[in-house]
Amino acid sequence: MSEFYIRTLVDGKELSKKDVQEIEMSRIQHVFTDLTNLGGELVDKDGVKISLSSAQALDFSSAKKALIQTKIALGSERLLSLYENELKKSDAMWREIASKSEIGKNTRDSFIEFEVEGVTLGDFIASLPYISSRSDRNLPYHIHPEHFVNIDKKDGQMVMETLGMYGGPTYLFIKVHGKKPFPKDPDTNLSLVAGNATLISDNMDIQMRGMHQFKAKKNGMKIKLAIIFPEAAPREIAEGHKYHLAVEFYNMIAFAGETKSFGGKVINSIVKHLKI
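The structure presented is a predicted model; accordingly, all values stated were derived computationally and were not measured. (Residues numbered from 1 in each chain as written. Predicted model: local features only at pLDDT ≥ 70, side-chain atom pairs only at ≥ 80, totals over all residues. Heavy atoms only, no water.)

1. What to know about the overall build of the protein
Helix and strand counts for the protein come out as eight helices and twelve strands. Radius of gyration (C-alpha) of the protein: 18 Å, near the 19 Å computed for a compact globule of 276 residues. Seen through its C-alpha atoms, the protein measures out along the principal axes to roughly 50 × 45 × 35 Å. Counting only residues that meet the buried cut, the protein has 49% of its 276 residues in that class. Expressed as a percentage of contacts within the protein between residues at least 6 apart in sequence, the contacts between residues at least 24 apart total 66%. Working note: accessible area of the protein is about 13300 Å², and carbon and sulfur atoms make up 52% of it. (Helix = DSSP H or I, 4+ residues; strand = E, 2+ residues; numbered from the N terminus. Rg over C-alpha atoms; globule rule 2.2 N^0.38 Å. Buried < 20%, exposed > 50% of the residue type's maximum accessible area, 1.4 Å probe, protein only. Contact = heavy atoms within 4.5 Å. Areas by Shrake-Rupley, 256 points an atom, 1.4 Å probe, with all protein chains shown as cover.)

So this is what it looks like as structure tokens:
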């Protein structure tokens, strides 16, 4: 396996690998507690039932594997059932937020940057089909502990996740194309836009937008992530989502570094001339 280095910057402050893992561990423990309180059964990495206290005593690697295996054992339908009341509360919160906000006005924005050596933009793009549910519906569980359901559709994704480490999860359809919420940087090779995000329950637009910019450099890349929340969203959501993205994309970049393929080299030759 080739070596790589990931520099994570939140508001200009660097987070070490240990910092990112500590954030991830805190959310793993949060989900363990939530699942137990909601009536879900926890299992270890081998699928053996364990108590909450046993789960909380696990080290980072074992805890991460146990939560992944727990979600696999429960399955999407059971997870949706366990969180049914939490999802209703979340839907009600977002309806209230949307009613007090105007799209694109006085938004609360989350920005985070990565500087990467040893993993190229081609490597990252080549890994995306494996990270998404098109390849392995369980792989998104490896990326963030607060990913619960991830189903690819033709023009977007159905996702159940906790936004901004705030409250319970929300079940959304996120459109993968849309109008750029702001001009991209001149050195951006590829920009991915998250268009409107709508509640699965009633198709209401929660007014969340996003644009991620990817910039190729020799033997590496730079990434600038942006998620835009509506004006009436609690400030804690926008702040917390910076750290959600830190965990999510750190793991995505690491996965790309661990699964390099010839396809990444091919994509790199195209990326040099890419400006979209």
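Now that the structure is up, let's keep going.
2. Here we look at the nonpolar core
In terms of nonpolar packing, the biggest core is built from 47 residues, with F114, I206, M208 and I253 touching the most fellow members. By residue number, the principal contributor to this core is helix α7 (residues 235-258), which donates twelve residues. Setting aside residues no more than four positions away along its own chain, I253 makes contact with I6, F114, V116, V119, F124, M221 and I223. (Core = buried A, V, L, I, M, F, W, Y, C linked by side-chain atoms within 4.5 Å.)

3. Thoughts on the packing of aromatic side chains
In the structure shown here, the tally under the stated rule is six aromatic pairs. When the ring of Y83 is compared with that of F148, the centres are 5.0 Å apart and the planes differ by 55 degrees; the resulting orientation is tilted. One end of the pair, Y83, is in the loop between α3 (60-82) and α4 (84-99); the other, F148, is in strand β6 (residues 147-153), with 65 residues separating them in the sequence. Here Y83 matches F148 in class, with each residue buried. Residues F111 and F182 carry aromatic rings whose centres are separated by 6.2 Å and whose planes lie at 55 degrees to one another, so their mutual orientation is tilted. Of this pair, F111 sits in strand β5 (residues 108-117) while F182 sits in the loop between β8 (170-175) and β9 (190-194), and the two are 71 residues apart along the sequence. Residue F111 is classed as partly exposed on the basis of its relative accessible area of 35%. (Phe/Tyr/Trp six-rings, centres within 6.5 Å; stacked < 30°, edge-to-face > 60°.)

4. Let's talk about α3
Between its terminal C-alpha atoms α3 stretches only 25 Å, short of the 33 Å expected from 23 residues at 1.5 Å a residue. Taken as a whole, α3 carries its principal kink of about 95 degrees at G75. (Expected span 1.5 Å × (residues − 1). Bend = angle between axes of the 7 residues up to and from the residue.)

5. A word on the side chain of T70
Checked against the element boundaries, T70 lands in helix α3. For T70, a relative accessible area of 0% puts it in the buried group. At a separation of 3.0 Å, a polar atom in the side chain of T70 contacts the main-chain amide nitrogen of V43. Contact partners of T70, with chain neighbours within four places excluded, come to L35, E41, L42 and V43. (Polar contact = N/O pair within 3.5 Å; in protein donor to acceptor, adjacent residues only side chain to side chain.)

6. Concerning the pairing of strand β11 (residues 209-217)
Buried residues dominate β11, accounting for seven of its nine residues. Note that β9 and β11 share five bridges and pair antiparallel. Residue pairing for β11: V193 is matched across the bridge by M211. Direction of pairing for β11 relative to strand β12 (residues 220-229): antiparallel, over a ladder of nine bridges. Along β12, the bridge assignment pairs A216 with M221. Where β11 folds back on β12, the antiparallel hairpin that results is connected by two residues, among which N219 adopts a positive phi of roughly 55 degrees. (Pairing = 2+ DSSP bridges.)

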